[in-house]
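Residues per chain, in single letters:
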Amino acid sequence: MIDKKIQSLIMDQVEDLMIPAENVAYVFDFNSLYHALLVLTQVAYTMIPVVNKEGKICGLVSTNQIIQASITTDQIDFKMIEQLTLNQIELRQAEYVTLQDDLETILHKLMTNNFLCVVDSKDQQGFIGIITRNALLKRINAFLHSNLVNDWLKNQEHLPSLDEPLKTIQKD
């Protein structure tokens, strides 16, 4: 468990790390694969959120998924890319957090995801933004290089070894 004092120094609230939806590249489930491919290439991301007309998260789409959905036995069917919509293909399930989630939950989920979708609630899943792994790492880096941490470390006679907890993590 992450100490609440340390958490508050890294992140007071989820909004501290969140990029609001209006600043995030995403597509609607009724958009064509062609449109999604254009968005993905324009923003140079590998994956983007897909939302429905009510603004709820449907999943994530990647360039690879679009290509896979349009491959026939011996070629890429470009007409299929133009005709199929995102709600006609299998999307990757989005990992998400809410505004009430804590740093530990966010950190745990970002270990295996480049970004997390932030939703208004676990039931409604209304898309309100994303948290990137990069944003969290920048916060942790700033915290670890802060005078507060450096001053605390100077006053410690003996620091505990991290070897035991790291061995446990590596087994998981």
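Just so you know, these numbers come straight off a predicted model, no measurement behind them.

1. Remarks on the overall build of the chain
Then, number 1: Secondary structure summary: the chain contains eight helices and seven strands in total.
Then, number 2: Across the 172 residues that make up the chain, the buried fraction comes to 35%.
Then, number 3: Total accessible area on the chain stands at roughly 11,400 Å², and carbon and sulfur atoms take up 52% of it.

2. Observations regarding the confidence of the model for the chain
Then, number 1: Model confidence for the chain is summarised by a mean pLDDT of 87, while 88% of its residues fall at 70 or above.
Then, number 2: Mean pLDDT across the secondary structure elements of the chain bottoms out at helix H8 (residues 163–171), with 56, and peaks at strand E2 (residues 27–28), with 98.

3. Observations concerning the pattern of salt bridges
Then, number 1: In this structure the tally under the stated criterion is two salt bridges.
Then, number 2: Between Lys 109 and Glu 95 there is a salt bridge, with its nearest N and O atoms 3.8 Å apart. You can see Lys 109 sitting in helix H5 (residues 103–110) and its partner Glu 95 sitting in the loop between helix H4 (78–83) and strand E5 (96–98), a full 14 residues away along the chain.
Then, number 3: Look at Lys 109 and you get buried, because its relative accessible area is 18%.
Then, number 4: Across the pair Asp 101 and Lys 122 runs a salt bridge, and its minimum N-O distance is 3.8 Å. A residue pair is termed long-range when its members are at least 10 positions apart, and Asp 101 in the loop between E5 and H5 and Lys 122 in the loop between strand E6 (115–119) and strand E7 (127–132) qualify at 21 residues.

4. So, H5
Then, number 1: By the burial criterion, the buried members of H5 are Leu 103, Ile 106, Lys 109 and Leu 110. Axial view of H5: buried residues confined to an arc of 140°, hence all on one face.
Then, number 2: Buried residues belonging to H5 abut helix H1 (4–10), E5, E6, E7 and helix H6 (133–144).

5. Digging into unusual backbone geometry
Then, number 1: One non-glycine residue, Ala 44, lies in positive phi territory at about 60°.
Then, number 2: Mapped onto the secondary structure, Ala 44 falls in the loop between helix H2 (33–43) and strand E3 (47–51).
Then, number 3: Judged by its relative accessible area of 67%, Ala 44 is exposed.
Then, number 4: A positive phi is found at Gln 125, a non-glycine position, where the angle reads about 55°.
Then, number 5: Residue placement: Gln 125 occurs in the loop between E6 and E7.
Then, number 6: Residue classification places Gln 125 among the partly exposed residues on the basis of a relative accessible area of 23%.

6. A short note on the sheet that holds strand E1 (residues 19–20)
Then, number 1: Strands sit in the order E1-E7-E6-E5 across an open sheet of four strands; the sheet is mixed. Edge strands, defined here as strands with exactly one partner in the open sheet, are E1 and E5.
Then, number 2: Across five bridges, the pairing between E6 and E7 is antiparallel. Looking at the pairing, Val 118 lines up with Gly 129 of E7.

7. What about the packing of H5 against H6?
Then, number 1: For the pair H5 and H6, interaxial distance at closest approach is 10 Å and the crossing angle is 125°. Judged on the interaxial angle alone, H6 and H5 are oblique. For the pair H5 and H6, the sense of crossing is left-handed. For the pair formed by H5 and H6, the contact residues are Leu 103, Ile 106, Leu 107 and Leu 110 on the first element and Arg 133, Leu 136 and Ile 140 on the second.
Then, number 2: The residue makeup of the contact of H5 with H6, split by class, is six nonpolar, no polar and one charged.

8. Section: the packing of aromatic side chains
Then, number 1: Scanning the entire structure with this criterion turns up three aromatic pairs.
Then, number 2: Summarising the aromatic geometry, the rings of Tyr 26 and Phe 28 are spaced 5.8 Å apart at their centres and angled 70° between planes, so their arrangement reads as edge-to-face.
Then, number 3: Assessed through its relative accessible area of 29%, Phe 28 is described here as partly exposed.
Then, number 4: Pairing Phe 28 with Phe 30 gives two aromatic rings, centres 5.2 Å apart and planes at 10°, and the pair type is stacked.
Then, number 5: A relative accessible area of 46% places Phe 30 in the partly exposed class.
Then, number 6: By way of ring pairs, the aromatic residues Tyr 26, Phe 28, Phe 30 and Phe 127 are connected into one cluster.
Then, number 7: Looking at Lys 109, its charged tip hangs above the ring of Tyr 96, at a distance of 5.6 Å from the centre.

Here is what the cut-offs are and how they apply
Residues numbered from 1 in each chain as written. Predicted model: local features only at pLDDT ≥ 70, side-chain atom pairs only at ≥ 80, totals over all residues. Heavy atoms only, no water. Helix = DSSP H or I, 4+ residues; strand = E, 2+ residues; numbered from the N terminus. Buried < 20%, exposed > 50% of the residue type's maximum accessible area, 1.4 Å probe, protein only. Areas by Shrake-Rupley, 256 points an atom, 1.4 Å probe, with all protein chains shown as cover. pLDDT = per-residue confidence, 0-100. Salt bridge = Lys/Arg side-chain N within 4 Å of Asp/Glu carboxyl O. Arc of directions from axis to C-beta. Contact = heavy atoms within 4.5 Å. Pairing = 2+ DSSP bridges. Axes fitted to C-alpha atoms, helices over the stretch in contact; angles between N-to-C directions. Parallel < 35°, antiparallel > 145°, perpendicular 65-115°, else oblique. Left-handed = near helix turned anticlockwise from the far one by under 90°. Nonpolar A, V, L, I, M, F, W, Y, C, P; charged D, E, K, R; others polar. Phe/Tyr/Trp six-rings, centres within 6.5 Å; stacked < 30°, edge-to-face > 60°. Lys NZ or Arg CZ within 6 Å of the ring centre and 35° of its normal.

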